[in-house]
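# Summary of the model geometry
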Amino acid sequence: MTTSGGPAGPGRHFDARGCLTPAGFAALARAPAGRGPAELAAHLASCARCQEHMLASAVGGSAGGTPRRRRPPRLWLGIGMAFVALLLAIAAVILAARLH
Ligand SMILES: [Zn+2]
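Predicted model only: the values in this text are computed from it and were never measured.

Looking now at the overall build of the protein. Helix and strand counts for the protein come out as 4 helices and 0 strands. Looking at the 100 residues of the protein, the share that counts as buried comes to 6%. The long-range fraction of contacts in the protein, counting pairs at least 24 apart against all pairs at least 6 apart in sequence, stands at 21%.

It is worth spelling out the environment of Glu 39 at this point. Note that Glu 39 resides in helix α2 (residues 38-46). Sequence separation between Glu 39 and His 13 is 26 residues, and the spatial gap between their C-alpha atoms is 9.3 Å.

Low pLDDT marks stretches whose predicted atomic positions should not be read closely. Of all residues in the protein, 73% have pLDDT values of 70 or greater, and the mean over the chain is 79. Residue range residues 3-10 is modelled with pLDDT below 50. Its contacts to residues more than four positions away, or to other chains, number 2 contacts.

What follows concerns the environment of His 53. Tracing the chain through its elements places His 53 in helix α3 (residues 48-60). Note: C-alpha distance between His 53 and Phe 25 (28 residues apart in sequence) is 9.3 Å.

At their nearest, the axes of helix α1 (residues 22-30) and α2 sit 10 Å apart, and the two run at 105° to each other. Between α1 and α2, the angle falls in the class roughly perpendicular. From α1, Gly 24, Ala 27 and Leu 28 reach across to α2, where they touch Leu 40, Ala 41 and Leu 44. Taken together, the residues that form the contact of α1 with α2 break down as 5 nonpolar, 1 polar and no charged.

Conventions and cut-offs
Residues numbered from 1 in each chain as written. Predicted model: local features only at pLDDT ≥ 70, side-chain atom pairs only at ≥ 80, totals over all residues. Helix = DSSP H or I, 4+ residues; strand = E, 2+ residues; numbered from the N terminus. Buried ≥ 20, exposed ≤ 12 C-beta atoms within 10 Å, placed from the backbone. Contact = placed C-beta atoms within 7 Å. pLDDT = per-residue confidence, 0-100. Axes fitted to C-alpha atoms, helices over the stretch in contact; angles between N-to-C directions. Parallel < 35°, antiparallel > 145°, perpendicular 65-115°, else oblique. Nonpolar A, V, L, I, M, F, W, Y, C, P; charged D, E, K, R; others polar.

This is the structure:
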């Protein structure tokens, strides 16, 4: 019962830093929701690095390995800011109307 750890066996889900390896992410992705490996899910829930890694791989798409960086989300950020500013302006008007 010696678990010395093979080079790249199916049980090799954590790397030297204790974070999930691609094999670990694959195991999580393969497993049905709620029935994934408890170790991997517990680590993912408590590790920001692995969460970012998983989000990045999910956003980047499964096809290819190049992340999409051609369109920075500045446009959406600007629209969001304008929307928030509009809401604030409306709230200010309502407040002013109530005060007077
Ligand atoms: Zn981690």
